[in-house]
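Reading the structure
For reference, the chains in residue letters:
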Amino acid sequence: MADYVMAATDVGGERLGERALSTAPTLGEAAEFGDRHRTNYVSVRHGHDITLYGRDATGAWSVLVSDAPAAVVVELRRQHDALCRPEPASHGSSHVGFEYPSTPEDDYVLTAVDVDGEPIAERVSSTAPTLAEAAELGELHKANYVIAGRDGSDVVTLHARDAGGGWSVVAADVDVETAEEVCLWFDLTHHYQGRSSAGSAAGGPTGPHPLDHVTTPEGGQIAAAQAVSLVVERIRTRRLDYPTQGLAADRFEGGWSVYAPVDVDDSDPMAFLDMPVGRSVFLVSDIGRVKETSSAIPPRQAEEMFTAEEAYVRRRPAEERFMELLRDEVVRLDAGPEGPAGITSFTIDAPATEVTAARASALLGPIAQQLAQLGPPGWDRFTAVFSFTVSAEVARLRFGSGNQSTEVRVPEQMAVLVRRQRHLAALMPAGPWWRLLLTVSHSTGVNARITTEYDYGDRPFPDDHLLAPANYRDDLAAYPRPQTPAWLLEYIAAADGPTPATRTAPHTADATTRPGQVPVLDTKLGWTRLHADPHVITYGRRSITLDQVEWISYSATQTAQKRLLYPTTYDNTWDFQVGRYPYHGGPKVSVHFFRAGRRADQPEEWTFLVNLAHQYLAPRLLTELLTHVRRGETVTVGGSVKVTRSGISCAKPRLSLPWESISGAQLHNGMIWIRRTGVEKPVLTVPLSHPNAVLIPELFTALMR
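1. As for the overall build of the chain
In terms of regular secondary structure, the chain is built from 15 helices and 34 strands. By the burial criterion, 45% of the 705 residues in the chain qualify as buried. When contacts within the chain are restricted to residue pairs at least 6 apart in sequence, long-range pairs at least 24 apart make up 52% of them. When the accessible surface of the chain is summed, it comes to about 35,900 Å², and 52% of that surface belongs to carbon and sulfur atoms.

Laid out in structure tokens, this is it:
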């Protein structure tokens, strides 16, 4: 059986020749194969990994990228061709190397591709291709997917063959990246059956599927106890006839499988007859999603499908994956035997907000197109409402025709695509939407009009769209956001009960600290009540809502007093403050803690307040500071440090530094150290207790890019 497939291709990926190999070819063998077919590119596929060889304008061959996915190969091949193609010749001189017959701009190109987007075959037509022509090309080359578009255009239409062999238009007039997103979703819902079935479907490559493995979220894997707790919440919320005690949890790659174990008498050969058939098993992901499945489905198959769904929803965009692979390749070359590659640093910037918003918006069109196929004949409008969290979902779809309306069930496969769109939307500053409202209307001969709205909960949701409080707690843990509507916090808090499954409390404070739950602190310090949650902080008679806070500060200090003939004593203080400007005289809440002893324990209440500020205040305050500076305004942080687009300044000590001369700001022994490039000693130190000093490191990092 051949482990490697070597293909000579043109710049568009069309195969000109192919050879199956049992071992990986050498550079010389790849170059010989490319020269024989008079082409500049040779790709070698091993499973889903591809090594690309290329010939430059001088005729020299080299390895362009090793063991990369198809999307990276396609982009590198295009970039290499653009870089190496010589300028148009003049005076009848001939080109050497990169010459290709041009395709008229008005022509259409049909390309049969695999699930990775790797081209398999191509056909050029002077007229817009029909669905039948796309299906013919796909059937001819045993491919499940065919992309059609004008030559050189970024707008394409994706055709696909479903599990039953029927062809349809899956996404019309979308950009290439969106076509890749929808293609992968379609493959997941129609062809993917688990890792063990990789390559079994027509047109499917041998080796691993792009969704075989899921990345661990930034928060890390959840613990077994938390997975069980989420399942208990699901059982109680939905009033399921299922045990809540003695549940077992088994780890698999995508999360946890939680179930009620069944005791079987191994000595009784007929005991298996008493085992329940089709009993529920709950799959829990590392971001808190819970899916109920049946024990009648083979466990491995259920877990692999669940993992693939999570991999699709949390998959990084193609551009980010390409940049990470490019960085890894640069690092590999730099550490290779040839010596340093000459690149001293490689930084991947986060995509701009506009790019993130465009990615999320681009999926709304395909979602509307898929929903439109569910309507009855003659419909002229429909409205879809999706109310989603990570652990529960509600979808409503209603079609209208004249004065008649019909409600239609939204299939589970659509929820996967909507879940992906929500995950992309979660990367925007506002976070993920709570509800997505989508309205489409059309009439014969007129293009459809699509209206969409992201609902972030500015007003309470209708009862039929409102999910259980536990579902919103789970979502806030998976997607922390700078602000949560007050009515929603009250809705969640009102449902909280001091049960072991939902609350853990220290001896001195009533604080919910379990991941997946909105944090609430309600206790007394001496005779003074202290209350804090994501909406308000109250200490005694002073109170401030979090959306009014303009600055934060906190500090921890230890003072040693050495006295002659007496033992040294140690005093420990912890301070936490939030308020509005002016710093002296403005409204604020200050909480002071004191404990004696060399190794005094840090107060749990202080830790709670600091964590609350990090999660619910710092992101908003940092965003506001950055916005002011980028508008050309001057902001003050740490009490005396003035920050502008060009650099920083301070009156005492007097200094003024441009950004290019600053190496950064770091926390050191309760102070923020600001250093000049190439100088170890800080040029400026700011106490952590000063207003918004805690934001200086991240603020400087963002402005120094």
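2. Quick word on the side chain of H423
Relative to the assigned elements, H423 resides in helix α10 (residues 412–425). If sequence neighbours within four positions are ignored, H423 has contacts with V313, R314 and Y479.

3. Quick look at the sheet that holds strand β31 (residues 655–658)
With respect to topology, four strands assemble into an open sheet ordered β28-β29-β30-β31, the strand pairing being antiparallel. Only two strands of the sheet have a single neighbouring strand rather than two, namely β28 (635–637) and β31. On average, adjacent strands in this sheet sit at an angle of 25° to one another, irrespective of strand direction. Examined bridge by bridge, strand β30 (residues 647–650) and β31 share four bridges and lie antiparallel to one another. Within the sheet, the bridge partner assigned to I648 lies in β31 and is L657. Docked against the sheet, helix α15 (residues 696–703) engages β28, β29 (641–643) and β30, running at close to 30° with respect to β29.

4. Looking at the pairing of strand β12 (residues 255–259)
Of all five residues in β12, four are buried; the element is thus mostly enclosed. In textbook terms, the turn of a hairpin is the stretch between consecutive antiparallel strands, and for strand β11 (residues 248–252) and β12 this stretch comprises two residues. When β12 meets strand β13 (residues 280–285), the two strands line up antiparallel, connected through four bridges. Across the sheet, W256 pairs through a bridge with V284, a residue of β13.

5. Structural notes on the pattern of salt bridges
Tallying each qualifying case throughout the model produces 26 salt bridges. We note a salt bridge from R359 to E177, for which the minimum N-O separation is 3.5 Å. With R359 in helix α8 (residues 353–362) and E177 in helix α4 (residues 176–190), this residue pair connects regions lying 182 residues apart in the sequence. Residue class for E177 comes out partly exposed when judged on its relative accessible area of 25%.

6. Examining the nonpolar core
Counting 54 residues, the largest nonpolar core has F576, V578, V643, I648, I674, L699 and F700 as the members making the most contacts within it. The biggest single contributor to this core is helix α13 (residues 604–616), with seven residues. Apart from the residues lying within four places of it in its own chain, the contact partners of L699 are L622, L625, L626, V637 and V643. Grouped together as the second largest cluster of nonpolar side chains are 51 residues, V113, A179, V313 and A360 included.

7. Describing the side chain of H531
Note that H531 resides in strand β22 (residues 528–532). Within polar-contact distance, the side chain of H531 engages the backbone oxygen of L521 at 3.4 Å. With near-sequence residues (within four places) excluded, H531 lies in contact with V520, L521, D522, V536, I537 and T538.

Definitions and cut-offs
Residues numbered from 1 in each chain as written. Predicted model: local features only at pLDDT ≥ 70, side-chain atom pairs only at ≥ 80, totals over all residues. Heavy atoms only, no water. Helix = DSSP H or I, 4+ residues; strand = E, 2+ residues; numbered from the N terminus. Buried < 20%, exposed > 50% of the residue type's maximum accessible area, 1.4 Å probe, protein only. Contact = heavy atoms within 4.5 Å. Areas by Shrake-Rupley, 256 points an atom, 1.4 Å probe, with all protein chains shown as cover. Pairing = 2+ DSSP bridges. Axes fitted to C-alpha atoms, helices over the stretch in contact; angles between N-to-C directions. Salt bridge = Lys/Arg side-chain N within 4 Å of Asp/Glu carboxyl O. Core = buried A, V, L, I, M, F, W, Y, C linked by side-chain atoms within 4.5 Å. Polar contact = N/O pair within 3.5 Å; in protein donor to acceptor, adjacent residues only side chain to side chain.

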